[in-house]
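Observations on the three-dimensional arrangement
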Amino acid sequence: METSVINMKMSNDPDLVSVIRLTTSGIASKMGFTMEDIEDLKVAISEACTNAIKHSKEKEFEVKFLVNESRLDVEVIDQGIGYDTVAVAEPDLKNPKTSGLGLFIIKSLMDEVEVKSCEECGTVIRFSKLVGVEE
């Protein structure tokens, strides 16, 4: 089972998130994801990219798609200031805020989510969606 890698280096322009969403949609469609799963992937990629744009304090970030027949892995990578991943609290859904829900949304839509971050290395949000898995 061979993995194909698609790499995109993007400037921190929020208008370019739509380009990343279109790319995600095209890749996922070609892989055979359902329309619902494609929409979930587009929401997750938007949230991850928005985090990189808003919080990294860098001028660019990278999006990496790792494609194989059974799953799509996506990494959103920035070389920014990083943060303490343990300090991010779960949101209070009884008293929701208008921001700060990005990672929660990604975790609720994807099959696997991993976040690595430190001051020296920036942040990597990696998430995966399995093809054809019913929830």
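The coordinates are above.
Just so we're clear, the structure is a prediction, and the values are computed from it rather than from any experiment.

Description of the state of the cysteines
Scanning the model with the defined rule gives 1 disulfide in all. At a sulfur-sulfur separation of 2.0 Å, the disulfide partner of Cys118 is Cys121. The partly exposed category is assigned to Cys118, whose relative accessible area is 24%. On the accessibility criterion, Cys121 (38% relative accessible area) is partly exposed.

Overview of the pairing of strand S5 (residues 122–130)
In this structure, strand S3 (residues 71–78) lies alongside S5, joined through 8 bridges in antiparallel fashion. Bridge pairing links Ile77 to Val124 in S5. Of the pairings in the sheet, the one linking strand S4 (residues 112–118) to S5 comprises 7 bridges and is antiparallel in character. If you follow Glu114 over to S5, its bridge partner there is Arg126. The hairpin turn running from S4 into S5, its antiparallel successor, is 3 residues long.

Some details on the side chain of Asp40
Counting through the fold element by element, Asp40 comes out in helix H2 (residues 35–55). Apart from the residues lying within four places of it in its own chain, the contact partners of Asp40 are Leu109, Met110 and Lys129.

Quick notes on the environment of Met35
The residue Met35 is located in helix H2 in this model. Separated by 10 residues in the primary sequence, Met35 and Ser25 have C-alpha atoms spaced 9.1 Å apart.

Some thoughts on the packing of H2 against helix H3 (residues 102–109)
Direction vectors running N to C along H2 and H3 enclose 155 degrees, while the axes themselves pass 9 Å from each other. Regarding the angle of H2 to H3, the classification is roughly antiparallel. Taken as a pair, H2 and H3 cross one another with a handedness that is left-handed. Listed contacts from H3 to Asp40, Val43, Ala44, Glu47, Ala48 and Asn51 of H2 are Gly102, Leu103, Ile105, Ile106 and Leu109. Grouping the amino acids of the contact of H2 with H3 by side-chain chemistry returns 7 nonpolar, 2 polar and 2 charged.

Looking at the sheet that holds S3
The 5 strands lie next to each other as S1-S2-S3-S5-S4, forming an open sheet whose pairing is antiparallel. Bordering the open sheet on either side are strand S1 (4–11) and S4, each of which pairs with just one other strand. Across the sheet, the mean angle from the axis of one strand to that of its neighbour is 10 degrees, orientation sign disregarded. Here strand S2 (residues 60–67) pairs with S3 via 6 bridges, running antiparallel. Note on S3: the bridge partner recorded for Leu66 is Asp73. Contacts between H2 and the sheet are confined to S2, S3 and S5, with S5 contributing the most and set at about 180 degrees to the helix. Across the sheet, H3 touches S4 and S5, and the angle it forms with S5 is around 25 degrees.

About the criteria used
- Per chain, residues are indexed from 1 in the order of the written sequence.
- Under the rules for a predicted model, residues below a pLDDT of 70 receive no local features and side-chain atom pairs below 80 are neither given nor counted, while totals for whole chains, interfaces and linings still include all residues.
- With hydrogens and water set aside, each side-chain value is computed from the structure's full complement of heavy atoms.
- When the sulfur atoms of two cysteines come within 2.5 Å, that pair is taken as a disulfide.
- Think of it in three bands: residues with accessible area under 20% of the maximum for their type are buried, residues over 50% are exposed, and the middle band is partly exposed, with areas taken using a 1.4 Å probe on protein chains only.
- Between any two strands, pairing holds if DSSP finds at least two bridges.
- Put simply, DSSP H or I for four residues or longer makes a helix, DSSP E for two residues or longer makes a strand, and each gets a number counted from the N terminus.
- Residue contacts are counted whenever heavy atoms from the two residues lie within 4.5 Å of one another.
- Angles run from 0 to 180 degrees between N-to-C directions of axes, and those axes are lines fitted to C-alpha atoms, restricted for helices to the stretch in contact.
- When an angle is under 35 degrees it counts as roughly parallel; over 145 it counts as roughly antiparallel; between 65 and 115 it counts as roughly perpendicular; any other value is oblique.
- In this scheme the handedness of a crossing depends on how the near helix is turned from the far one: anticlockwise by less than a right angle means left-handed, clockwise means right-handed.
- Asp, Glu, Lys and Arg are counted as charged, while Ala, Val, Leu, Ile, Met, Phe, Trp, Tyr, Cys and Pro are counted as nonpolar; the rest, among them Gly, fall into the polar class.

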